[in-house]
Amino acid sequence: MIISYNWLSEYLPVKVDAEKLSKILTSIGLEVESMHLYESLKGGLKGLITGEVLTCEKHPDADKLKITTVNTGGAQPLQIVCGAANVAVGQKVIVATVGTTIYPATGDPVTIKKAKIRSVESEGMICAEDEIGVGTSHEGIMVLPADTAIGIPAASLYDAYEDSIFEIGLTPNRMDAMSHLGVAKDVCAYLSHHDKMDARVKLPFKNNFKPDTPTAPIEVTILNTSGCKRYAGISINNITVTDSPKWLQQKLNAIGVKSINNIVDITNFILHETGQPLHAFDADKITGKKIIVKNEKEGTLFKTLDDKERKLSANDLVICNEEEPMCIAGVYGGVHSGVTNNSKNIFLESAWFDPQTIRKTSLAQGLRTDAATRFEKGVDISNTVNVLKRAALLIKEIAGGEIAGELIDVYPNPVEQKAVALKYHYLKKLSGKNYHGDTVKNILTALGFEIIKEGMDEIWVNVPFSKPDITLQADIVEEIMRIDGLDNIEIPTAITLSPSADNGNNNMALKEKMANYLASIGFYEIFTNSITNSKYYNEETLQHSVKMINSLSADLDIMRPSMLQAGLEVTAYNINRKNNNLQLFEFGKTYHSQAIGQYKEQQHLSIFITGVVKEGGWQSKSIPADFFYLKAVCENIIKLTGKSNLSFETIDHPEFEYATTIKYNNHSIAIAGKIHQKTLSSFNIKEEVFYADIDWDQVVGKGSNTSIKYKEVAKFPTVQRDLALIVDKNITYNQVQTVVASAKINYLKGIKLFDVFESDKLGAGKKSMAINFNFSDDTKTLTDKEIDDVMNKLIKSFEKNIQAEIRK
């Protein structure tokens, strides 16, 4: 929410310094996320002064440059080299002296320095309008009127406007603070409480509203009274649509709202002043002179102000004339009924629309307008008419015209104010502070609450319509506490707490352990959005995905069914910025729909590797990322959780060129492999990416009770033997391990593949696998005969099960 300091100050009874006001806003729960200076002319033209050109001669070494002397009111004229074709003796000009920073209409600021241009010294710059940001022309220097005084600040020639702009981080429930008047009410409540003064908002509403002609030309009917509980309107004839006055343009520009014309600008001004959206129709385009608030048929076509044809839903509330829709209620106007520069008669609308209806329509149509944002949070239904009168008088003042007929106010079922009771003992319990009854009443009254009944331990109040979120006494406590100041909450001398019991779940400890391990070997942890884009997934996956009903963006419409796509977005982001060597990991959840209303969350550890995993140097070559490095990382991670005896199985997967599933106790707990180039091309990634997805729920669930065993260090020496096997190329190391395990050799403590060799000399379709075996016995030293017997047993098993030959 953007708030202008100058604008806000107009409603306050006393002037409050901008810095102090910033602290007040944050103290009362309207956190000021940033405060910056707004200048209608960047830099405020500081350092620029007027001067008179005394002499102008051709530069001896440049055809297009001239050497001038300029009187700027100083002791001596300045010598300035100028490239403008129109510079001449006697002109009054704007001069940027040495040390002045100028802010061009486009480009970065420039600080003027004393310089030599083609061997001639230049002590400043004679300015064109685009060079100082007062225009866009660069046809030549600015020539001021002949009677302009010499040596005066250039800023005095322009109506420069400065303001301090607050960016407030509003919580979704604070619709009452989505306007300058709403913020002013809170500030006045703070001043009344803390400065012990009767600080009241200087309201802009006047009591001089009256029609200029007796008959209202437009008739209003509400057919959907739940979607529109109140609709007010007024006709204004014979207006002139033109540019807004300077003060109005300055106010809107300061908060980032572009000035369009006086009618549109007034509706925007009222929106940011009061929080009430308005809409202006060209009255001459209202067929039948009737306004009908209703729902149209499903699929009705309607062209909006952005010149796009949209299909209306039967749930969309629309404003119609006698024949057709003119506006999507509370969201966006129609292209055929809006105010143009040729409009002479208008009908101005101020209404209350159902927040849920507006939000659904806004999201379904993809129209996130300022008006929709206000309506979907709830506007003040009691202020509808006051705001309309204020706008009508402003239009009459600025655009001329006359108010045609009485104001129309259709309010079929007036809404009653909510009454809420507050117990004083509950206030003390929740706030931790003992408030005096008078303090409570003064704060609530200052905020617009109406005291309707008091008791010994309670107070009853009517909640103002501007605060629709307040329904419970806890909400009242919050209002009191924030005006008193959230930083004034008393800190108790003692804190009572119950120590938590360890439930034996070591999930967080394991995550911390894995994160530390991965960080120690060069990985970086990433955090990605659990909401992602459905375009990444095929129809089969989307059938079981969790879809967002009210997505904030068309690109974020489902809960992620896989960790892969979000990680590839991060990978692509880094690669596009020349950060090509990546080792990333993320702990996160995926989401799946099992049936209507039944959802499943799964925890994962995802790993992404691309580029090189070790930079080369003068002593060693760089090591590129590959599948085996990824597999080793996964294996180490799973072993760190207390699991061993893992098995590996090659599988086909649509996202991978090749992949392996990692199993523990015959249950798949991870998948690792090289991502398919077709998948990578969706993210414009040309490099190889290796990815592993570890099912963290399975890893924790299958190994949470694993115990650590200790044994004595071996007293007897270890014996190692190497064996080179010639096998078919499709034989995997996992198959070799299976053969070794089936031999059931007690002496064998470990095996390791240390070389793979392929050559036509080995035979067609053959390869050599060199394996190291490690033997030991805890009770004795093994003899050569015992080792030879074991090796012979292994050789026979290899020959039988995988048709291996022993390479001599």
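Here is what the cut-offs are and how they apply
Residues numbered from 1 in each chain as written. Predicted model: local features only at pLDDT ≥ 70, side-chain atom pairs only at ≥ 80, totals over all residues. Heavy atoms only, no water. 1 Å grid on protein atoms, 1.4 Å probe; cavity = no way out; pocket = protein on both sides within 12 Å on 5 of 7 lines; lining within 4 Å. Points joined across faces, edges and corners; volume = space filled by probe spheres on them. Nonpolar A, V, L, I, M, F, W, Y, C, P; charged D, E, K, R; others polar. Helix = DSSP H or I, 4+ residues; strand = E, 2+ residues; numbered from the N terminus. Salt bridge = Lys/Arg side-chain N within 4 Å of Asp/Glu carboxyl O. Buried < 20%, exposed > 50% of the residue type's maximum accessible area, 1.4 Å probe, protein only. Pairing = 2+ DSSP bridges. Axes fitted to C-alpha atoms, helices over the stretch in contact; angles between N-to-C directions. Contact = heavy atoms within 4.5 Å. Polar contact = N/O pair within 3.5 Å; in protein donor to acceptor, adjacent residues only side chain to side chain. Phe/Tyr/Trp six-rings, centres within 6.5 Å; stacked < 30°, edge-to-face > 60°.

A. Main features of empty space enclosed by the protein. Within this structure, the stated rule accounts for 1 cavity of 30 Å³ or more. Ser 431, Lys 433, Tyr 435, Met 481, Asp 484, Gly 485 and Ile 489 are the residues that line the largest cavity. Taken together, the residues that form the lining of the largest cavity break down as 3 nonpolar, 2 polar and 2 charged.

B. Seen up close, the environment of Ile 152. Structurally, the position occupied by Ile 152 is in the loop between β11 (124-126) and β12 (162-169). As for Ile 152 and Ile 49, which are separated by 103 residues in sequence, their C-alpha atoms are 5.4 Å apart.

C. Structural context of the pattern of salt bridges. Summed over the entire model, instances satisfying the criterion amount to 37 salt bridges. The shortest N-O distance in the salt bridge between Arg 174 and Asp 186 comes to 2.7 Å. Here Arg 174 is found in the loop between β12 and α3 (180-194), whereas its partner Asp 186 is found in helix α3, with 12 residues between them in sequence. Arg 174 sits in the buried class, given a relative accessible area of 4%. Here the salt bridges do not stand alone but share partners, grouping Arg 174, Asp 176, Asp 186, Lys 467, Glu 479 and Arg 482 into one network.

D. Structural detail: the sheet that holds strand β2 (residues 31-39). Across the sheet, 3 strands lie side by side as β1-β12-β2; this open sheet has antiparallel pairing. The open sheet terminates on both sides in strands that have one partner only, identified here as β1 (2-4) and β2. Along the sheet, successive strands turn relative to each other by an average axial angle of 25 degrees, direction set aside. In this sheet, β12 lies alongside β2 in antiparallel orientation, the contact comprising 8 bridges. When the bridges of β12 are listed, Val 32 appears paired with Ile 168. Of the strands in this sheet, β2 and β12 are in contact with helix α2 (residues 18-27), which crosses β2 at around 155 degrees.

E. Summary view of the sheet that holds strand β35 (residues 647-651). With mixed pairing, the 7 strands of this open sheet are ordered in space as β27-β31-β32-β38-β37-β36-β35. A single partner strand is all that each edge strand has here, and the edge strands are β27 (524-525) and β35. Pairing analysis gives 8 bridges linking strand β36 (residues 656-664) to strand β37 (residues 667-675), with the strands arranged antiparallel. Residue pairing for β37: Ala 659 is matched across the bridge by Gly 673. On the sheet, helix α12 (residues 507-520) packs against β27, β31 (582-595) and β32 (598-610) and is oriented at approximately 145 degrees with respect to β31. Strand contacts of helix α14 (residues 564-575): β31, β32, β37 and β38 (689-695), with the helix running at about 30 degrees to β32, the strand carrying the most contacts.

F. Representation of the side chain of Asn 321. Turning to its location among the elements, Asn 321 is positioned in the loop between β19 (317-320) and β20 (325-328). Among the polar contacts made by the side chain of Asn 321, one reaches the main-chain amide nitrogen of Glu 323 at a distance of 2.7 Å. Side-chain polar atoms of Asn 321 contact the backbone nitrogen of Glu 324, separated by 2.7 Å. Those residues in contact with Asn 321, other than ones at most four positions away along the chain, are Lys 285, Ile 286, Thr 287, Lys 290, Ile 292 and Met 326.

G. Inspection of the pairing of strand β16 (residues 290-295) at higher detail. Summarising the sheet, strand β13 (residues 219-222) and β16 pair through 4 bridges and their orientation is parallel. Counted as the bridge partner of Val 220 is Ile 291 from β16. In terms of strand pairing, β16 meets β19 through 4 bridges, oriented antiparallel. Bridge assignment links Ile 292 to a residue of β19, and that residue is Cys 320.

H. The packing of aromatic side chains, seen in detail. Applying the stated criterion to the full structure yields 15 aromatic pairs. Considering the side-chain rings of Phe 627 and Phe 628, the 5.5 Å spacing of their centres and the 70 degrees angle between planes classify their relative orientation as edge-to-face. The exposure class of Phe 627 is buried, given its relative accessible area of 11%. With a relative accessible area of 62%, Phe 628 lands in the exposed category.

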